[in-house]
Amino acid sequence: MSGIAILNALPADAARDALRACCPSARWSRDLAVRRPFPSASALIAAGTSLLDGMPDAELVEVISRHDPIGVDPGEDRVTGRWSRREQSGVLGGDAAVRAEFAELNRRYRERFGYVYLVCAAGLSAAGIRDDLVRRLRQDEAAELRTARAELRKIVELRLGRILEAVR
């Protein structure tokens with residue numbers, strides 16, 4: 001049985017819980033779960049990203065703030081922690097100086113924008129993420145929120161694919 005068929009067949013509460021691992025928004029996971037059944041993985045991803053695109057800015061900031069800061073080991077105690085750890089392995093594998101630099105950049109970012117720096121870190125090096133963070137610190141608030149929404153969208157697309165693999 002395919003991952004999409006299994007997701008479609010889950011009870012509503014189990015589907016919401018599975019989807020919440022992809023985006024830490026109760027409303028998003030609920031609204032996506034009620035749209036089942038999905039004919040394909042691409043239909044699921046399109047529906048999920050459409051909900052993100054329509055998410056009000058205040059809710060978006062709340063959702064972003066629930067993500068683990070880049071460079072901070074989220075641990076292995078939950079699915080999203082394991083995914084986050086794998087996605088940001090380029091940073092977490094760095095030495096103490098790299099982690100200290102990210103801690104300082106994260107502090108500056110949160111102070112400037114009021115929420116955690118969010119990037120789809122999968123496949124990116126520590127240097128590439130650092131350069132992106134420094135560049136984004138120079139953006140105005142509106143541009144940065146658009147960038148953060150786009151990064152959340154990439155993360156959700158990636159994780160929706162992973163959730164379909166996990167429910168097989």
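Residues numbered from 1 in each chain as written. Predicted model: local features only at pLDDT ≥ 70, side-chain atom pairs only at ≥ 80, totals over all residues. Heavy atoms only, no water.

Once that is clear, we can look at the pattern of salt bridges. For the coordinates displayed, the defined rule picks out 15 salt bridges. The partner of Asp132 in a salt bridge is Arg136, and the shortest N-O contact between them spans 3.2 Å. In this pair, Asp132 and Arg136 are both assigned in helix H9 (residues 126-137), 4 residues apart and thus about one turn of the helix distant. Here Asp132 matches Arg136 in class, with each residue buried. Across the pair Arg153 and Glu157 runs a salt bridge, and its minimum N-O distance is 3.0 Å. Of this pair, Arg153 and Glu157 are both found in helix H10 (residues 141-166), 4 residues apart, which corresponds to roughly one turn of the helix. Overall, the relative accessible area of 29% leaves Arg153 in the partly exposed class. Among the residues examined, Glu157 registers a relative accessible area of 29% and is labelled partly exposed. (Salt bridge = Lys/Arg side-chain N within 4 Å of Asp/Glu carboxyl O. Helix = DSSP H or I, 4+ residues; strand = E, 2+ residues; numbered from the N terminus. Buried < 20%, exposed > 50% of the residue type's maximum accessible area, 1.4 Å probe, protein only.)

Let us look at the nonpolar core. Grouped together as the largest cluster of nonpolar side chains are 44 residues, with contacts concentrated most on Trp28, Leu32, Leu44 and Leu160. Elements supplying a minimum of two residues to this core: helix H1 (3-9), helix H2 (12-20), helix H3 (26-33), helix H4 (41-53), helix H5 (57-65), helix H8 (96-113), H9 and H10. Here the element with the most residues in this core is H10; it accounts for 8 residues. Leave out the neighbours within four places in its chain, and Trp28 touches Leu19, Cys22, Cys23, Gly48, Leu51, Leu52, Met55, Val156 and Leu160. (Core = buried A, V, L, I, M, F, W, Y, C linked by side-chain atoms within 4.5 Å. Contact = heavy atoms within 4.5 Å.)

Another point: H8. Residues separated by three or four positions in an α-helix point in the same direction, a consequence of the helix having 3.6 residues per turn. With 18 residues, H8 extends 25 Å between its outermost C-alpha atoms, agreeing within 8% with the 26 Å of an ideal straight helix rising 1.5 Å per residue. All of the buried residues along H8 are Phe102, Leu105, Asn106, Tyr109 and Phe113. The buried residues of H8 occupy one face: seen down the axis, they fall within an arc of 105 degrees. In H8, those exposed residues whose orientation departs by more than 90 degrees from the buried face are Ala96, Ala97 and Glu111. Count one or two residues on from H8 and you reach Gly114, which has phi positive near 90 degrees. (Expected span 1.5 Å × (residues − 1). Arc of directions from axis to C-beta.)

So, on to the confidence of the model for the protein. Scored by pLDDT, the protein has a mean of 87; 86% of the residues are at 70 or more. The lowest-confidence element of the protein is helix H6 (residues 79-87), averaging 53 in pLDDT; the highest-confidence one is H3, averaging 97. (pLDDT = per-residue confidence, 0-100.)

Scanning the model with the defined rule gives 4 aromatic pairs in all. Aromatic side chains Tyr109 and Phe113 sit 4.8 Å apart centroid to centroid with 50 degrees between the ring planes, which places their arrangement in the tilted category. One end of the pair, Tyr109, and the other, Phe113, are both in helix H8, 4 residues apart, so they sit about a helical turn from each other. Considered together, Tyr109 and Phe113 belong to a single accessibility category, that of buried residues. Pairwise contacts between aromatic rings join Tyr109, Phe113, Tyr115 and Tyr117 into one cluster. (Phe/Tyr/Trp six-rings, centres within 6.5 Å; stacked < 30°, edge-to-face > 60°.)

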